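# Fold and contact review
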Amino acid sequence: MGLVLDTFFIKALKHPLRLTALVIDKLGVKANWITLFGFLIGMMVLPALYFGNTSLALVLVIINRVMDGLDGAVARVQGPTDLGGYLDITLDFIFYSAVIFGFALMNPVDNALAASFLIFSFMGTGSSFLAFAIMAEKRNIERLEYGRKSLYFLGGLAEGTETIVFLVLICLLPNYFAVLGYFFGVICWITTVTRIYAGYRTLT
């Protein structure tokens, strides 16, 4: 499901993002500047959530995700760089965890345990993704063949689009953060386990 949703939104947004990227490129704005700007805006979610302003937090999440899509489009126009890719991945993971930590700050009694479980789950999805990427680069693997459709499906349960939807939902429904957090955390662990299994089959 994750890969299907990601593919759909990437295709739908590709043209408008490219047109915007061309304008930004003519203005001399670099892709890495957009990445850093989006990250700084996104990190303002911490004080917003600490003071219980979930509406502002939602706006900040949306701006951060728009900047994340835009920096990639600009990078494709200007030419991707290793530094750009490094910043994009690193700052994305920090931002995702910051939003979750913000909900723990907002209501530690009700949210702290769910937030801890969710960040724990993010470690699984993040490490399984990045560790395999390193090995895939080493072996020149460009596409992972999962073999069975069901495994391919499970391996993509928690991708970028699902994460954005989850962040939007917890901002819209802050009283249900714990329930949503546990649910999404389980989805992350299903993704992690299937990625590890697929990686094991590919690398052995």
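### Observations regarding a nonpolar patch on the surface
Taken together, the side chains of V165, L169, L172, L173, Y176 and V179 define a hydrophobic patch exposed on the protein surface, amounting to about 560 Å² of accessible area. It is helix α8 (residues 160–172) that contributes the most residues to the nonpolar patch, three residues altogether. Looking at where L173 falls in the secondary structure, it is placed in the loop between α8 and α9 (177–203). Since its relative accessible area comes to 38%, L173 is described here as partly exposed.

### Here's the deal with the packing of helix α4 (residues 54–78) against helix α5 (residues 82–106)
Interaxial distance between α4 and α5 falls to 12 Å at its minimum, and their mutual angle equals 175 degrees. In terms of orientation, α4 lies roughly antiparallel with respect to α5. Contacts between α4 and α5 pair T54, V61, N64, R65, D68 and D71 from the former with D88, D92, F95, Y96, V99, F103 and M106 from the latter. The residue inventory of the contact of α4 with α5, partitioned by class, reads six nonpolar, two polar and five charged.

### A word on the pattern of salt bridges
Under the definition given, this model contains two salt bridges. Across the pair D68 and R65 runs a salt bridge whose closest N-O atoms are separated by 3.3 Å. Placement of the pair is D68 and R65 together in helix α4, with a separation of three residues, close to one helical turn. Comparing D68 with R65 shows no difference in burial state: the two are buried. Each member of the salt-bridge network shares a partner with another, and the members are R65, D68 and D92.

### A few points about the side chain of N32
By the secondary structure assignment, N32 is in helix α2 (residues 31–43). Not counting residues within four places of it along the chain, the set of residues in contact with N32 comprises T81, L83, G84 and L87.

### What about the nonpolar core?
Counting residues in hydrophobic clusters, the biggest one holds 25 residues, and the most contacted among them are V99, I100, F166, L167 and I170. Of all the secondary-structure elements, those providing two or more residues to this core are α3 (45–50), α4, α5, α6 (108–139), α8 and α9. Top element by residues in this core is α5. It accounts for six residues. Those residues in contact with L167, other than ones at most four positions away along the chain, are V61, F95, Y96, V99 and I100. The next biggest cluster of nonpolar side chains, apart from the first, holds nine residues, and it includes A21, I24, I34 and V74.

### What to know about the packing of aromatic side chains
Overall, the coordinates contain seven aromatic pairs when judged by the stated rule. Their ring planes at 85 degrees and their centres at 5.1 Å tell us that Y50 and F51 sit as a pair that is edge-to-face. Ring plane angle 0 degrees and centroid distance 4.8 Å describe the contact between F103 and F177, whose orientation is recorded as stacked. With F103 in helix α5 and F177 in helix α9, the pair connects residues that are 74 residues apart, well separated along the chain. Like F103, the residue F177 is buried in the burial classification. Counting every residue linked through ring pairs, the aromatic cluster contains F122, F166 and F184.

### Here's the deal with α6
Here α6 is 32 residues long and its end C-alpha atoms lie 45 Å apart, about the 46 Å a rise of 1.5 Å per residue gives. Of the residues making up α6, those classed as buried are N111, A114, A115, L118, S121, F122, G124, T125, G126, S128, F132 and A136. Tucked inside the fold, the buried residues of α6 contact α5, α8 and α9. The positive-phi residue at the C-terminal boundary of α6 is N140, with phi of around 60 degrees.

### Details of α4
Note on helix geometry: an α-helix contains 3.6 residues per turn, so any two residues three or four positions apart are oriented the same way. Between its terminal C-alpha atoms α4 stretches 36 Å, which fits the 36 Å expected from 25 residues at 1.5 Å a residue. At the exit of α4 stands G79, carrying a positive phi of roughly 105 degrees.

### What about the confidence of the model for the protein?
Overall, the predicted model of the protein reaches an average pLDDT of 86, with 85% of residues at or above 70. By mean pLDDT, the top-scoring element of the protein is α3 (98), and the lowest-scoring one is helix α7 (residues 149–155) (38). Contacts from residues 1–6, a stretch scored under 50 in pLDDT, to residues over four places away or in other chains number 15 contacts.

Calculation criteria
Residues numbered from 1 in each chain as written. Predicted model: local features only at pLDDT ≥ 70, side-chain atom pairs only at ≥ 80, totals over all residues. Heavy atoms only, no water. Patch = residues over 30% accessible without salt bridge, like charges linked within 9 Å, V, L, I, M, F, W, Y side chains within 5 Å. Areas by Shrake-Rupley, 256 points an atom, 1.4 Å probe, with all protein chains shown as cover. Salt bridge = Lys/Arg side-chain N within 4 Å of Asp/Glu carboxyl O. Helix = DSSP H or I, 4+ residues; strand = E, 2+ residues; numbered from the N terminus. Buried < 20%, exposed > 50% of the residue type's maximum accessible area, 1.4 Å probe, protein only. Axes fitted to C-alpha atoms, helices over the stretch in contact; angles between N-to-C directions. Parallel < 35°, antiparallel > 145°, perpendicular 65-115°, else oblique. Contact = heavy atoms within 4.5 Å. Nonpolar A, V, L, I, M, F, W, Y, C, P; charged D, E, K, R; others polar. Core = buried A, V, L, I, M, F, W, Y, C linked by side-chain atoms within 4.5 Å. Phe/Tyr/Trp six-rings, centres within 6.5 Å; stacked < 30°, edge-to-face > 60°. Expected span 1.5 Å × (residues − 1). pLDDT = per-residue confidence, 0-100.

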